[in-house]
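Overview (structure and organization)
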Amino acid sequence: MANFDIKSGTKMQVAFDVAPGEELQFNMVCTFYKKIDESAFLISVPMKDGKALPADETKKFIMKYTAGSESMILAGYVDDEVKEGIRRYWKIRRVTEQRQLFQRADERLKITLKVKYRNGTALPGEEHEMEFRDGMTLDISAGGMALFLNDSFDVGELCLITLPRIGTTEEGRAIEDVAAVVCWQREVPKGSLYRRLCGLQYRLGQGEEHQRMQQYVATVKKRYKI
């Protein structure tokens, strides 16, 4: 579990976790009080519509805050409600989900594409030992994608993606070995074809690589009439 460092008094927006593909609703607010250890911290009781939210240990909470110029995410469950002096706090048991929120400059298409992926952090000479596995997109853009898969990645880990050929023209050729960094990861409900959904941001140059990806997404949009 990655380390985190948040100043006491930091304002946080809070949302209930949602099913993959649904949008988080940050309609509650709280204040970060202090870190207990690497897996637990205290926050003020979140407020919604001017009222304190009742504690529910069964629900997963997503908390968004600003660190410098970046927006960051923490996730966790209510472990206990504690009192220090005259104030009440929630003790949050953190889960493995800390991610940076990236601005989406590119249009994101809701499209199911079968892709190949593998861990991109192999040492030189070990690449042949790491087979590509099957995954499926939830959405895709020229800057990244949400990908269903069965493997577990750490936030910040590198992943290599092979996107399928779209159409029969030169523009529709497959794009191989796109490097992408894992921004977040969630488990999906039981019974799904895949066990996890993760958000990926491509590591592309600003010139030809990014233009090639923009052309690929434009071809997807045209081919599937999105």
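As a reminder, the structure under discussion sits directly above these lines.
The following refers to the structure shown. Given the structure is predicted, the values throughout are model-derived calculations rather than measurements.

Notes on the overall build of the chain
The helix and strand inventory of the chain stands at 1 helix and 15 strands. Counting the 226 residues in the chain, one finds 40% classified as buried. Accessible surface for the chain amounts to roughly 13,200 Å². Of this, 46% is attributable to carbon and sulfur atoms.

Side note on the nonpolar core
In this structure, Ile140, Leu147, Ile161, Leu163 and Leu200 are the most contacted members of the largest nonpolar core, which totals 26 residues. At the level of secondary structure, the elements contributing two or more residues to this core comprise strand S10 (114-119), strand S12 (144-149), strand S13 (158-163), strand S14 (175-187), strand S15 (196-202) and helix H1 (208-223). Sequence-distant contacts of leucine 200, that is, excluding residues within four places in its chain, are made with Gly143, Gly144, Met145, Leu147, Cys159, Ile161, Ala180, Val181, Val182 and Cys183. Ranked by size, the runner-up nonpolar core spans 19 residues in total, among them Cys30, Leu53, Met63 and Leu74.

A short note on the pairing of S13
Across the 6 residues of S13, 5 count as buried, placing the element largely inside the fold. In this structure, S10 lies alongside S13, joined through 4 bridges in antiparallel fashion. Each bridged residue has a counterpart across the sheet, and for tyrosine 117 the counterpart in S13 is isoleucine 161.

What to know about unusual backbone geometry
In this structure, aspartate 49 is a non-glycine residue whose phi angle is positive, near 55°. Mapped onto the fold, aspartate 49 is located in the loop between strand S4 (47-48) and strand S5 (51-52). Here lysine 225, not a glycine, exhibits a phi torsion of approximately 50°, which is positive. Mapped onto the elements of the fold, lysine 225 is located in the segment after H1.

Criteria and cut-off values
Residues numbered from 1 in each chain as written. Predicted model: local features only at pLDDT ≥ 70, side-chain atom pairs only at ≥ 80, totals over all residues. Heavy atoms only, no water. Helix = DSSP H or I, 4+ residues; strand = E, 2+ residues; numbered from the N terminus. Buried < 20%, exposed > 50% of the residue type's maximum accessible area, 1.4 Å probe, protein only. Areas by Shrake-Rupley, 256 points an atom, 1.4 Å probe, with all protein chains shown as cover. Core = buried A, V, L, I, M, F, W, Y, C linked by side-chain atoms within 4.5 Å. Contact = heavy atoms within 4.5 Å. Pairing = 2+ DSSP bridges.

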